[in-house]
Amino acid sequence: MLESIKKNYDIRNTPPEQIGPLKLAYLGDAVYELIIRTILMDERDRSVKKMNKTAQTLVNATTQARLAEIIEPSLTETENSVFLRGRNTKTTSVSKHSDIHDYRIATGLEALFGYWYLSWQTERAVELLKEALDKL
């Protein structure tokens, strides 16, 4: 099945700029969480329970909105365009734990993480995220 998926749906052959912002955000949500969890794994003396609790505080719209505001000045023109497309996209749902403003900014950040992943720039994503986390 995996080979069929790779053959028929090789999304990395599509320029990320041609992918809708909500689809980028859908993928970016998973990429963002994976990077957060990977960063937390570096803290070797923490239990999985503590890592999960910390991850929950970092993987939510409110925190993502704060991180986006820290990262935004460092974005290139293209990255900023992706972020704004994600942020300005109208959504029909909103997290019950955040307001619409934070939710939209978080969607922009997730779109950016999807863009970085699909354009083979995960090192840039990790670099900016680590810098932002240090400033939280």
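For the structure, see preceding data.
Starting from 1, residues in each chain are numbered consecutively following that chain's sequence as written. Two thresholds apply to this predicted model, a pLDDT of at least 70 for residue-level local features and 80 or more for giving and counting side-chain atom pairs, whereas whole-chain, interface and lining totals are computed over all residues. Processing note: side-chain calculations cover all non-hydrogen atoms of the structure and skip hydrogens and water entirely.

Draft legend 1. The pattern of salt bridges, seen in detail. Salt bridge, as used here, is a side-chain nitrogen of Lys or Arg placed within 4 Å of a carboxyl oxygen of Asp or Glu. For the structure shown, the criterion picks out 2 salt bridges. Of the charged contacts in the structure, one is a salt bridge between E33 and R37, with a shortest N-O distance of 3.0 Å. Of this pair, E33 and R37 both sit in helix α2 (residues 21-41), 4 residues apart, roughly one helical turn. Exposure categories follow from relative accessible area, calculated using a 1.4 Å probe and restricted to protein chains: below 20% of the type maximum is buried, above 50% is exposed, and the middle band is partly exposed. By relative accessible area, which is 26% here, E33 ends up partly exposed. Relative accessible area serves as the criterion here: at 44%, R37 is assigned to the partly exposed category. Strands here mean DSSP runs of E at least two residues long; helices mean DSSP runs of H or I at least four residues long; both are numbered from the N terminus.

Draft legend 2. Highlighting the packing of helix α4 (residues 61-71) against helix α7 (residues 122-135). To get an axis, fit a line to the C-alpha atoms, keeping to the stretch in contact for a helix; angles then go from 0 to 180 degrees between the N-to-C directions. α7 packs onto α4 with a crossing angle of 110° between their chain directions and a minimal axis gap of 9 Å. Of the possible angle classes, the one that applies to α4 and α7 is roughly perpendicular. Facing α4, whose interface residues are L67, I70 and I71, α7 presents L128, L129, A132, L133 and K135. Angle categories: roughly parallel below 35 degrees, roughly antiparallel above 145, roughly perpendicular from 65 to 115, and oblique for all the rest. We call two residues contacting when some pair of their heavy atoms lies within 4.5 Å.

Draft legend 3. Quick peek at the packing of aromatic side chains. Two rings from Phe, Tyr or Trp (for Trp, the six-membered ring) form a pair when their centres are within 6.5 Å of each other. A pair whose planes differ by under 30 degrees is stacked, one over 60 is edge-to-face, and the rest are tilted. Tallied over the entire structure, the rule returns 2 aromatic pairs. The interplanar angle of 80° and the centroid separation of 5.3 Å between the aromatic rings of Y32 and F113 together place this pair among those described as edge-to-face. Taken as a pair, Y32 in helix α2 and F113 in helix α6 (residues 100-118) lie far apart in primary sequence, 81 residues in all. The pair formed by Y32 and F113 is uniform in burial state, with each residue classed as buried. Centroid distance F113 to W116: 5.2 Å. Interplanar angle 85°. Geometry classified as edge-to-face. Of this pair, F113 and W116 both sit in helix α6, 3 residues apart, which is roughly one turn of that helix. Comparing F113 with W116, the two get one shared label, buried. Chaining the aromatic ring pairs together yields one cluster made of Y32, F113 and W116.

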